[in-house]
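# An overview of the molecular structure
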Protein chains: 2
Amino acid sequence: MAKRIITVSREFGSGGRTVGRLLAEKLNLKYYDKELVKRISLETGFDPGYIEEHGEYAQGKSALAYLFGGTGHPDFMNGMTPADFLWCMQRKIILEIADKEPCVIVGRCADYILKDRPDVLNVFIHAPKPQRAERIVKLYGESDVAPEKRLDDKDARRRVNYRHFTGRDWGSVQNYHLALDSGALGLETCVDLIAAAFRAEPDAKETK
Amino acid sequence: MAKRIITVSREFGSGGRTVGRLLAEKLNLKYYDKELVKRISLETGFDPGYIEEHGEYAQGKSALAYLFGGTGHPDFMNGMTPADFLWCMQRKIILEIADKEPCVIVGRCADYILKDRPDVLNVFIHAPKPQRAERIVKLYGESDVAPEKRLDDKDARRRVNYRHFTGRDWGSVQNYHLALDSGALGLETCVDLIAAAFRAEPDAKETK
């Protein structure tokens with residue numbers, strides 16, 4: 001079946017967000033990243049900064065709570081934490097967007113949320129740690145924390161968040177139609193390969 | 001750096017071997033699969049059937065021994081089992097082949113063995129279980145064992161063998177430059193995408 005939607009999951013610092021943006025430009029698709037945050041903010045009243053952090057990352061103490069299955073959050077409502085509520089709204093909006101128009105969606109477990117649609121191409125972008133470290137320093141500057149530590153922290157929080165809400169392993173090869181090493185291939189080659197996969201029709205005939 | 005060699009790792013029944021063969025034809029590269037087995041047989045004296053089984057798969061009781069780090073094998077020599085000896089010879093031959101000529105190598109931990117070469121493109125082919133089950137029944141026929149069970153068994157033995165000899169997780173996304181779902185993309189699209197990645201030069205410029 002022809003594809004209409006691309007989800008891009010990515011390791012922190014792999015350039016996956018840039019790949020998503022360039023893909024949307026190349027294929028003339030609507031691009032959802034900050035735009036998605038803005039829309040969620042409008043519909044929920046959550047602050048965009050809160051959504052950026054809590055929509056993809058397990059937070060401090062609650063990361064442990066995620067791991068052990070409880071919410072461990074004081075301000076629950078019917079056992080629902082703000083993070084749970086945000087997840088539900090985010091899920092609803094991603095499903096609506098997918099129904100409405102062809103697009104590229106970066107992050108936010110969109111691969112899992114749209115897993116029952118046959119018109120979605122799920123992509124994962126990763127890169128070796130030294131290249132990611134160099135990239136985040138270039139893009140976000142130095143900080144008191146060593147870049148390798150920042151990478152480990154962000155990836156761990158994404159992994160815990162993904163696990164909690166999807167029950168699956170983040171970055172597990174089986175969850176994606178394409179997983180690409182942007183460090184080895186370069187960002188532009190990643191864009192070209194994903195665009196080619198998006199446009200391709202699956203083989204009509206099976207080859208022995 | 002331009003690529004000269006492609007290694008293809010694959011889930012059982014994903015069509016990865018076919019992808020490797022078609023790739024070699026398309027790119028006019030030497031193809032090492034049965035050819036590699038033959039060569040190892042000539043150099044070691046092991047029977048080709050033995051090499052096919054022991055070169056990639058943990059065996060029965062020794063699978064457990066692998067897991068717990070010991071060899072547990074009665075006929076050792078300086079602590080080296082036949083499987084260890086075969087691994088060393090296989091490694092030596094794969095390194096020689098890589099030095100000699102551009103090629104496609106299927107399986108046999110070649111991705112790990114050649115990990116220090118910058119001219120290697122490492123590929124992993126996987127597919128959803130129902131499609132793999134259908135494929136193995138079509139290719140290898142029915143047997144007393146359910147196809148899903150045969151898939152689980154083969155994949156588990158590959159995973160244990162890979163872990164034992166490389167210390168890494170088989171099928172972990174970070175070990176491969178491209179990981180493709182042949183069930184969703186089709187074999188021919190996989191071949192086209194890998195060929196495009198093989199031919200591409202990494203970006204000279206970095207994109208923000």
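Let me begin by describing the structure that accompanies this report. Bear in mind that the values here come from a model prediction, so they are computed numbers and not experimental data. Every chain begins its residue count from 1, and numbering advances along the sequence as written. Chains carry letters from A onward and ligands carry numbers from 1 onward, assigned in written order. Residue-level local features of this predicted model are given only where pLDDT is at least 70; pairs of side-chain atoms are given and counted only at 80 or more, and the full residue set underlies all totals for whole chains, interfaces and linings. As a convention, hydrogens and water are excluded, and side-chain values are obtained from all of the structure's heavy atoms.

### Quick look at the relation of the copies chain A and chain B
In plain terms, the rule: Fitting of the copies onto one another was done by least squares over C-alpha atoms, counting residues only where both copies have pLDDT of at least 70. For this analysis, residues touch if any pair of their heavy atoms sits within 4.5 Å.
Mapping chain A onto chain B calls for a screw motion: a turn of 180° about the axis and a shift of 0.0 Å along it, with 0.0 Å RMSD after fitting. Both copies of the chain, as the preceding transformation shows, are related through a two-fold rotation axis. When you check the interface residues of chain A against chain B, 100% turn up at the interface there too, and the contact is symmetric in its surfaces.

### Observations concerning helix α7 (residues 129-140) of chain B
Since the α-helix advances by 3.6 residues per turn, residues separated by three or four positions end up pointing in the same direction. All names here are of chain B. How we decide: Labels follow the DSSP assignment, with helices taken as runs of H or I lasting at least four residues and strands as runs of E lasting at least two, numbered in each case from the N terminus. A helix's residues, less one, multiplied by 1.5 Å, set its expected span. Exposed residues in this analysis have more than 50% of their type's maximum accessible area, buried residues have under 20%, and partly exposed residues fall in between, with area computed by a 1.4 Å probe over protein chains only. In this description, one arc is meant: the one made by directions from the helix axis to the C-beta atoms.
Between its first and last C-alpha atoms α7 spans 16 Å; for 12 residues at 1.5 Å apiece the expected length is 16 Å, and the two agree. Taken together, the buried positions of α7 are occupied by R132, A133, R135 and I136. Viewed along the axis of α7, the buried residues span an arc of 165°, placing them on a single side of the element. Turned more than 90 degrees away from the buried face of α7 sit P130, E134 and K138, all of them exposed. Buried positions along α7 lie against α1 (16-27), α8 (147-166) and α10 (187-199). Positive backbone phi, at 85°, marks G141, one or two positions downstream of α7.

### As for the nonpolar core
For clarity, the threshold we go by: What makes a nonpolar core is a set of buried Ala, Val, Leu, Ile, Met, Phe, Trp, Tyr and Cys residues whose side-chain atoms join them at distances within 4.5 Å.
L36(A), I105(A), L114(A), L36(B), I105(B) and L114(B) are the most contacted members of the largest nonpolar core, which totals 54 residues. Ignoring sequence-local partners within four residues, the contact set of L114(B) consists of I5(B), T7(B), I94(B), L95(B), A98(B), I105(B) and V120(B). Ranked by size, the runner-up nonpolar core spans 48 residues in total, among them V191(A), I194(A), L27(B) and A197(B).

### Re the packing of α7(B) against α8(B)
Residues and elements named next belong to chain B. Operational definition: Geometry is summarised by axes, namely lines fitted to C-alpha atoms with helices restricted to the contacting stretch, and by angles between N-to-C directions that run from 0 to 180 degrees. An angle below 35 degrees is read as roughly parallel, one above 145 as roughly antiparallel, one from 65 to 115 as roughly perpendicular, and any other as oblique. Residue polarity is assigned by list, with Asp, Glu, Lys and Arg as charged and Ala, Val, Leu, Ile, Met, Phe, Trp, Tyr, Cys and Pro as nonpolar; anything else, Gly included, falls into the polar class.
For the pair α7 and α8, interaxial distance at closest approach is 9 Å and the crossing angle is 100°. Between α7 and α8, the angle is such that the two are roughly perpendicular. Only P147, E148, R150, L151, D152 and D155 of α8 make contact with α7, whose side of the interface consists of K129, R132, A133, I136, V137 and Y140. Here the residues of the contact of α7 with α8 are counted per class, giving six nonpolar, no polar and six charged.

### Focus on the packing of aromatic side chains
Put simply, the rule reads: Pairing of aromatic rings covers Phe, Tyr and Trp, the last counted by its six-membered ring, and requires centre-to-centre distances within 6.5 Å; plane angles under 30 degrees mean stacked, over 60 mean edge-to-face, and any other angle means tilted. Definition used: whenever NZ (Lys) or CZ (Arg) falls within 6 Å of the ring centre and also within 35 degrees of the ring normal, the charge is taken to sit over that ring.
Scanning the entire structure with this criterion turns up 12 aromatic pairs over all chains. When the centroid spacing of 4.9 Å and the interplanar angle of 10° are considered together, the rings of F46(B) and Y50(B) count as stacked. Classification of Y50(B) as partly exposed rests on a relative accessible area of 24%. One aromatic cluster is present, formed by F46(A), Y50(A) and F85(A) through successive ring pairs. Between the NZ or CZ atom of K154(A) and the centre of the ring of F12(A), over which it lies, the distance is 5.0 Å.

### Considerations on the sheet that holds strand β2 (residues 30-32) of chain B
What counts is decided by this rule: Two strands qualify as a pair provided DSSP detects at least 2 bridges between them.
Taken in spatial order, the 10 strands of this open sheet run β2(A)-β3(A)-β1(A)-β4(A)-β5(A)-β5(B)-β4(B)-β1(B)-β3(B)-β2(B), and their pairing is mixed. Each edge of the sheet is formed by a strand with only one pairing partner; in this case those strands are β2 (30-32) of chain A together with β2 of chain B. On average, each strand axis in the sheet is tilted by 20° relative to the strand beside it, whichever way the strands run. Pairing geometry for strand β4 (residues 120-126) of chain A and strand β5 (residues 178-181) of chain A, over four bridges, is parallel. Residue pairing in the sheet places H126(A) in a bridge with D181(A) of β5(A). Sitting on the sheet, helix α2 (residues 34-44) of chain A is in contact with β2 and β3 (103-106) of chain A, with an inclination near 70° to β2(A). Sheet strands touched by helix α5 (residues 82-100) of chain B: β1 (5-10), β2 and β3 (103-106) of chain B. Its angle to β3(B), the strand with the most contacts, is close to 160°.

### Some thoughts on the interface of chain A and chain B
Under the convention used in this document: Accessible surface is computed with a 1.4 Å probe, and the buried area is the amount of it that two parts give up when combined, taken over both parts together. We define a salt bridge as a contact between a side-chain nitrogen of Lys or Arg and a carboxyl oxygen of Asp or Glu at a distance within 4 Å. Here a polar contact is taken to be a pair of N or O atoms separated by no more than 3.5 Å, where protein atoms must pair a possible hydrogen donor with a possible acceptor and residues adjacent in sequence count only if both atoms sit in side chains.
At the junction of the two partners, chain A supplies 36 residues and chain B supplies 36 residues. Here chain A meets chain B over a buried area of about 3,000 Å², counting both sides, of which 54% is carbon and sulfur. Put simply, chain A and chain B have zero salt bridges between them. Seen at the junction of chain A and chain B, the total is nine residue pairs in polar contact (both at pLDDT 80 or more). When contributions to the side of chain A that touches chain B are tallied by element, the ones reaching two or more residues are α1 (16-27), β4, α7 (129-140), β5, α9 (182-185) and α10 (187-199) of chain A. Here the residues of the side of chain A that touches chain B are counted per class, giving 17 nonpolar, eight polar and 11 charged. One ladder, built from three bridges, connects β5(A) with strand β5 (residues 178-181) of chain B; its direction is antiparallel. Paired with L178(A) across the strands is L180(B), a residue of β5(B).

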